[in-house]
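Reading the structure
Letter by letter, the chains look like this.
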Amino acid sequence: GRARGGFAGGFLGACGSASGRPRPLCGGGRSASTSSFDIVIIGGGIVGLASARALILRHPSLSIGVLEKEKDLAVHQTGHNSGVIHSGIYYKPESLKAKLCVQGAALLYEYCQQKGISYKQCGKLIVAVEQEEIPRLQALYERGLQNGIQGLRLIQQEDIKKKEPYCRGLMAIDCPHTGIVDYRQVALSFAQDFQEAGGSVLTNFEVKDIEMAKESPSRSIDGMQYPIVIKNTKGEEIRCQYVVTCARLDSDRISELSG
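Read on for an overview of the structure.

Definitions and limits used
Residues numbered from 1 in each chain as written. Predicted model: local features only at pLDDT ≥ 70, side-chain atom pairs only at ≥ 80, totals over all residues. Heavy atoms only, no water. Pairing = 2+ DSSP bridges. Helix = DSSP H or I, 4+ residues; strand = E, 2+ residues; numbered from the N terminus. Axes fitted to C-alpha atoms, helices over the stretch in contact; angles between N-to-C directions. Expected span 1.5 Å × (residues − 1). Buried < 20%, exposed > 50% of the residue type's maximum accessible area, 1.4 Å probe, protein only. Contact = heavy atoms within 4.5 Å. Polar contact = N/O pair within 3.5 Å; in protein donor to acceptor, adjacent residues only side chain to side chain. Parallel < 35°, antiparallel > 145°, perpendicular 65-115°, else oblique. Left-handed = near helix turned anticlockwise from the far one by under 90°.

Strand order in the open sheet made by the three strands is 5-7-6, with antiparallel pairing throughout. Looking at which strands have only one partner, the edges of the open sheet turn out to be strand 5 (124-128) and strand 6 (153-156). If you compare each strand with its neighbour and ignore which way they point, the axes differ by 30° on average. Where strand 6 and strand 7 (residues 171-175) come together, four bridges link them in antiparallel fashion. Within strand 7, the position partnered with Gln156 by the bridge is Met171.

Laid out in structure tokens, this is it:
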């Protein structure tokens, strides 16, 4: 969505604001004493927070807000997935999926080290348990090499047992760069980065409606600089120029609201 406008607004900007009100998280970020932003991101999961972080680090002069309907961030799918840091072995070579997964895994390990986020690079075995699976396993190994995954090797039965005593197979790909991490901790760290760079996070803000303003708000000095109006279930509203929606299972509902 694109828009223009200003709105002198009404959200409490301090920690410990009144219960149920949209509020910025403690620990930094642009004051929410105004309810107008250049960009609003709907959804405080890892995708929304990663998007917000990337935008504000690239465009620090913009005012950016994240809206989350729950009282805390990243409490849905972000905190309830497998937690795997995938290596990218399965994807078609030269595809965006392959490139982004391989690069993303390396960047995530680096980020976790910088921020002191616990992770375990435990590796994984991809195992052929029947003879007819071996050619497919070898083809997958070649695909992994083409994708630039480091440390891959084919191992035989005896090495499978050494690495994983309860695993039985004829041949396996040893993929040492696969890992696990608590993605909610990663998401909360993204939120902290975002706020420290000047962003605002407003929780307890469940989006009910998105519309284009028909006229400037009363006493507005910015006219229609922020023409997109986002309203929540409590009747409160935010104005902005652009909206980015990262609303997980609510994506269809938010898509309909935005036209």
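From this point on, the discussion continues.
Here we come to helix 5 (residues 183-196). With 14 residues, helix 5 should reach 20 Å at 1.5 Å per residue; the first-to-last C-alpha distance of 20 Å fits that figure. Within the sequence span of helix 5, burial applies to Tyr183, Val186, Ala187, Ser189, Phe190, Ala191, Asp193, Phe194 and Gln195. Next to the buried residues of helix 5 lie helix 1 (46-58), strand 2 (64-67), strand 3 (84-85), helix 2 (96-115), strand 8 (179-181) and strand 9 (200-202). The residue sitting at the N-terminus of helix 5 and contributing the capping side-chain oxygen is Asp182; that oxygen lies 3.0 Å from the backbone nitrogen of Arg184.

Attention now goes to the sheet that holds strand 12 (residues 237-245). Pairing within the open sheet is mixed, and its six strands lie in the order 9-2-1-12-11-10. One side of each edge strand has no neighbouring strand; the edge strands of this open sheet are strand 9 and strand 10 (207-212). Sheet twist, expressed as the average angle between the axes of neighbouring strands with direction ignored, equals 40°. Inspection of the sheet shows strand 1 (residues 36-42) paired to strand 12 by six bridges, in the parallel sense. Bridging across to strand 12, Ile39 finds its partner in Tyr242. In the packing of helix 1 onto the sheet, contacts are made with strand 1 and strand 2, and the angle to strand 1 comes to roughly 145°.

Direction vectors running N to C along helix 2 and helix 5 enclose 70°, while the axes themselves pass 11 Å from each other. Between helix 2 and helix 5, the angle is such that the two are roughly perpendicular. Note on packing geometry: the crossing formed by helix 2 with helix 5 is left-handed. Facing helix 2, whose interface residues are Leu108, Tyr111, Cys112 and Lys115, helix 5 presents Tyr183, Val186, Ser189, Phe190 and Asp193.

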